[in-house]
Amino acid sequence: MTDSNREIDFLSLQWYEANRTVIKRKTEGGRDVSLSRSSETPIHDGETVYTEDGVIVKARIEPCICIVLHADDMTIIGSFCFDVGNRHLPIFLIDDKIVVSYDGRLFQALSGKYGDKVQMETKVLDVKYAIKAFGNYL
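Just so it is clear, the model here is predicted, and its values are computed rather than measured.

Asker: Teacher, can you tell me more about the overall build of the chain here?
Answerer: What the chain contains, in helices and strands, is 2 helices and 10 strands. Going residue by residue from the N terminus, the α and β elements of the chain occur as β-β-β-β-β-β-β-α-β-β-α-β. Going through the 138 residues of the chain one by one, you find that 40% of them count as buried. Considering only residue pairs separated by 6 or more positions, the chain has 59% of its internal contacts joining residues 24 or more positions apart. On the chain, roughly 7800 Å² of surface is accessible, and the fraction owed to carbon and sulfur atoms is 47%. Averaging the coordinates of the 17 positive side-chain charges in the chain and doing the same for the 21 negative ones gives two points 4 Å apart.

What follows is the structure, encoded as structure tokens:
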């Protein structure tokens, strides 16, 4: 991909790596990249994280399997967030749905309590959607 005659490469990250202070790995194009960042500055999906010699490297937060609550009832939403919060997991609000990263035991427990209102879906967990802090920011 190019952007104004500059090549664009991507650095693949998992959602939980967004607040890492040091990242050393190869980009999707095979370039070695070393990032050193402040813990107060999380990495966002699509953010330019590195530029050099006509190459722009952007972060790509990989989609992951998530637990998604499909409910409009504030009592159910509050109860769900309480149940998830007791596990100290970050909670995301994506497309007006409550989303948390997948955990097998948690999914079983939430499915037992909330039935078909809880589903597994693939989502990109960008920190900009977080409503419960994780790491040292928010």
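Asker: Would you mind going over the side chain of E17 with me for this structure?
Answerer: Structurally, E17 can be placed in the loop between β2 (6–13) and β3 (22–26). A polar contact is formed between the side chain of E17 and the side chain of R25, at a distance of 2.6 Å. Discounting chain neighbours no more than four positions away, the residues touching E17 are I23 and R25.

Asker: Please clarify how the pattern of salt bridges should be interpreted in this entry.
Answerer: When the charged atoms of two side chains with opposite charge come close together, those side chains can pair. Under the defined criterion, the tally for this structure stands at 10 salt bridges. As a salt-bridge pair, R25 and E17 come within 2.6 Å of each other at their nearest N and O atoms. With a relative accessible area of 6%, E17 lands in the buried category. A salt bridge links K113 to D83, with the nearest nitrogen and oxygen atoms 3.0 Å apart. Taken as a pair, K113 in helix α2 (residues 104–114) and D83 in helix α1 (residues 74–85) lie far apart in primary sequence, 30 residues in all. Salt bridges linked by common partners bring E7, D9 and R31 together as one network.

Asker: What is the right way to read unusual backbone geometry from this model?
Answerer: In terms of backbone geometry, most residues other than glycine have negative phi values and most peptide bonds are trans. The backbone of D53 sits at a positive phi, close to 45 degrees, despite the residue not being glycine. Tracing the backbone through its elements, the reader meets D53 in the loop between β5 (48–52) and β6 (55–61).

Asker: When you look at the state of the cysteines in this model, what are you seeing that I'm missing?
Answerer: Two cysteines joined by a covalent bond between their sulfur atoms form a disulfide. This structure, assessed with the given rule, holds 0 disulfides. Looking at C66, it has no disulfide partner, and the nearest cysteine sulfur is the one in C64, 3.7 Å off. Just so you know, C81 is unpaired, no disulfide at all, and the nearest cysteine sulfur is the one on C66, 14 Å from it.

Asker: When you look at a nonpolar patch on the surface in this model, what are you seeing that I'm missing?
Answerer: On the surface, a cluster of nonpolar side chains totalling about 300 Å² of accessible area is made up of I65, Y102 and M120. Along the chain, M120 falls in strand β10 (residues 118–123). Judged by its relative accessible area of 43%, M120 falls in the partly exposed class.

Asker: Sorry, what's going on with the pairing of strand β4 (residues 32–36) here?
Answerer: For a regular strand, side-chain orientation follows a simple rule: the groups alternate between the two sheet faces. Burial along β4 is one-sided: the residues V33 and L35 are buried and none of D32, S34 and S36 is. Examined bridge by bridge, β3 and β4 share 5 bridges and lie antiparallel to one another. By the bridge assignment, K26 is partnered in β4 with D32. Adjacent in sequence and paired antiparallel, β3 and β4 are bridged by 5 residues, among which G30 carries a positive phi angle near 95 degrees.

Criteria and thresholds
Residues numbered from 1 in each chain as written. Predicted model: local features only at pLDDT ≥ 70, side-chain atom pairs only at ≥ 80, totals over all residues. Heavy atoms only, no water. Helix = DSSP H or I, 4+ residues; strand = E, 2+ residues; numbered from the N terminus. Buried < 20%, exposed > 50% of the residue type's maximum accessible area, 1.4 Å probe, protein only. Contact = heavy atoms within 4.5 Å. Areas by Shrake-Rupley, 256 points an atom, 1.4 Å probe, with all protein chains shown as cover. Lys, Arg positive; Asp, Glu negative; His and termini not counted. Charge placed at Lys NZ, Arg CZ, Asp CG, Glu CD. Polar contact = N/O pair within 3.5 Å; in protein donor to acceptor, adjacent residues only side chain to side chain. Salt bridge = Lys/Arg side-chain N within 4 Å of Asp/Glu carboxyl O. Disulfide = S-S within 2.5 Å. Patch = residues over 30% accessible without salt bridge, like charges linked within 9 Å, V, L, I, M, F, W, Y side chains within 5 Å. Pairing = 2+ DSSP bridges.

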